[in-house]
Amino acid sequence: MSADTTSKRATTALLRQFWAHIAVAALLILSVFYLDQSLPSELTAWSRILGILWCVIVALALSHIVHEWFHFLGALVGRASVTIKQRVHPLFFDFDFPSNNHSQFLWLSFGGLLGNILLIAYFALTHFQSGIVATSLLAAALGQFVFVLILELPVSLRVIAGQGPLTALTEHFSQGAPLFLRALLFGVITASIVAAALFLMS
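Residues numbered from 1 in each chain as written. Predicted model: local features only at pLDDT ≥ 70, side-chain atom pairs only at ≥ 80, totals over all residues. Heavy atoms only, no water.

S.K.: Looking at this model, I keep getting lost on unusual backbone geometry. Mind explaining?
M.R.: Excluding glycine, a negative phi dihedral is what most residues carry, and trans is how most peptide bonds are arranged. Residues other than glycine seldom take positive phi values, yet R79 does so here, at roughly 55°. On the secondary structure map, R79 appears in the loop between α2 (45–77) and β1 (82–84). (Helix = DSSP H or I, 4+ residues; strand = E, 2+ residues; numbered from the N terminus.)

S.K.: Mind showing me how you'd approach the side chain of H71 here?
M.R.: Structurally, the position occupied by H71 is in helix α2. What makes H71 buried here is its relative accessible area of 7%. Side-chain polar atoms of H71 contact the side chain of E152, separated by 3.3 Å. If sequence neighbours within four positions are ignored, H71 has contacts with F93, L108, S109, G111, G112 and E152. (Buried < 20%, exposed > 50% of the residue type's maximum accessible area, 1.4 Å probe, protein only. Polar contact = N/O pair within 3.5 Å; in protein donor to acceptor, adjacent residues only side chain to side chain. Contact = heavy atoms within 4.5 Å.)

S.K.: Explanation requested: the packing of α2 against helix α4 (residues 131–160) in the structure shown.
M.R.: Helix-helix packing: each pair is described by the crossing angle between the helix axes and the interaxial distance. Interhelical geometry of α2 versus α4 gives an angle of 45° and a closest axis separation of 8 Å. Considering the angle they form, α2 stands oblique to α4. The chirality of how α2 crosses α4 is right-handed. Contact residues: R48, I52, C55, V56, V58, A59, L60, S63, H67 and H71 in α2; I132, V133, S136, L137, A140, A141, Q144, V148 and E152 in α4. (Axes fitted to C-alpha atoms, helices over the stretch in contact; angles between N-to-C directions. Parallel < 35°, antiparallel > 145°, perpendicular 65-115°, else oblique. Left-handed = near helix turned anticlockwise from the far one by under 90°.)

S.K.: What is the right way to look at the packing of α4 against helix α5 (residues 165–173) in this model?
M.R.: With their axes 9 Å apart at the nearest point, α4 and α5 run at an angle of 140° to one another. When the axes of α4 and α5 are compared, the pair comes out oblique. Considering the relative orientation of α4 and α5, their crossing is right-handed. Contacts between α4 and α5 involve I150, L151, P154, V155, R158 and V159 from the first element and P165, A168, L169, E171, H172 and F173 from the second. Among the residues making up the contact of α4 with α5, the classes are represented as nine nonpolar, one polar and two charged. (Nonpolar A, V, L, I, M, F, W, Y, C, P; charged D, E, K, R; others polar.)

S.K.: Explanation requested: the side chain of N100 in the structure shown.
M.R.: Within the element layout of this structure, N100 appears in the loop between β2 (93–95) and α3 (102–125). At 2.7 Å, the side chain of N100 and the backbone nitrogen of S81 are in polar contact. Filtering out sequence-adjacent residues up to four positions away, N100 remains in contact with A80, S81 and F95.

S.K.: Just to check I follow, could you spell out the pattern of salt bridges for this structure?
M.R.: Close approach of charged atoms allows side chains of opposite charge to pair. Going through the model one piece at a time under the given rule, you end up with two salt bridges. Notably, a salt bridge pairs K85 with D94, separated by 4.0 Å at the nearest N-O pair. Taking relative accessible area as the criterion, K85 reaches 23% and is therefore assigned partly exposed. Here R158 ties to E171 by a salt bridge, and the two come within 2.8 Å at their closest N and O atoms. A residue pair is termed long-range when its members are at least 10 positions apart, and R158 in helix α4 and E171 in helix α5 qualify at 13 residues. Residue E171 is classed as partly exposed on the basis of its relative accessible area of 38%. (Salt bridge = Lys/Arg side-chain N within 4 Å of Asp/Glu carboxyl O.)

Any functional reading would require information beyond the geometric quantities listed.
Structure representation (structure tokens):
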């Protein structure tokens, strides 16, 4: 396969991933604004619960999409070698560890975390009519950020200390289920504290 053909396939795959993720993100954001406008002033217990659950789902889905695309943007800024998957996928690209160095991995890593921070800022600065929508989105996004931070930041710190990216990643995630449970626990605790604080302030 020629270099031109490979480049065209990669560009086509990237556009396919981009438009698919943009479409999902747009639908999620529109659904939240619709929910915000349509929630009645007097809510039943069930409508309150369903509204909160949907906002949490939206926040988690958007957090993932933004996080992965900022990973990708970080890789681009660092001029890293990546492979775009041909089929639409939530994890839409692979980082080529053998071809990239420590610095390029760190661009990738911190790019994803920056994406989470920007999404949190967006939720915090957007004016929602419903306190339930605003609080649920922000609490869930912050909880997801803590979850990701526990999973990813130790790997970056190992790489900064001089360990190879793939070795650092493998050793950190060799902890298995306890690592994910710990990240989930702290994420849920963070979201709960934020939600409680915002409800008390409203």
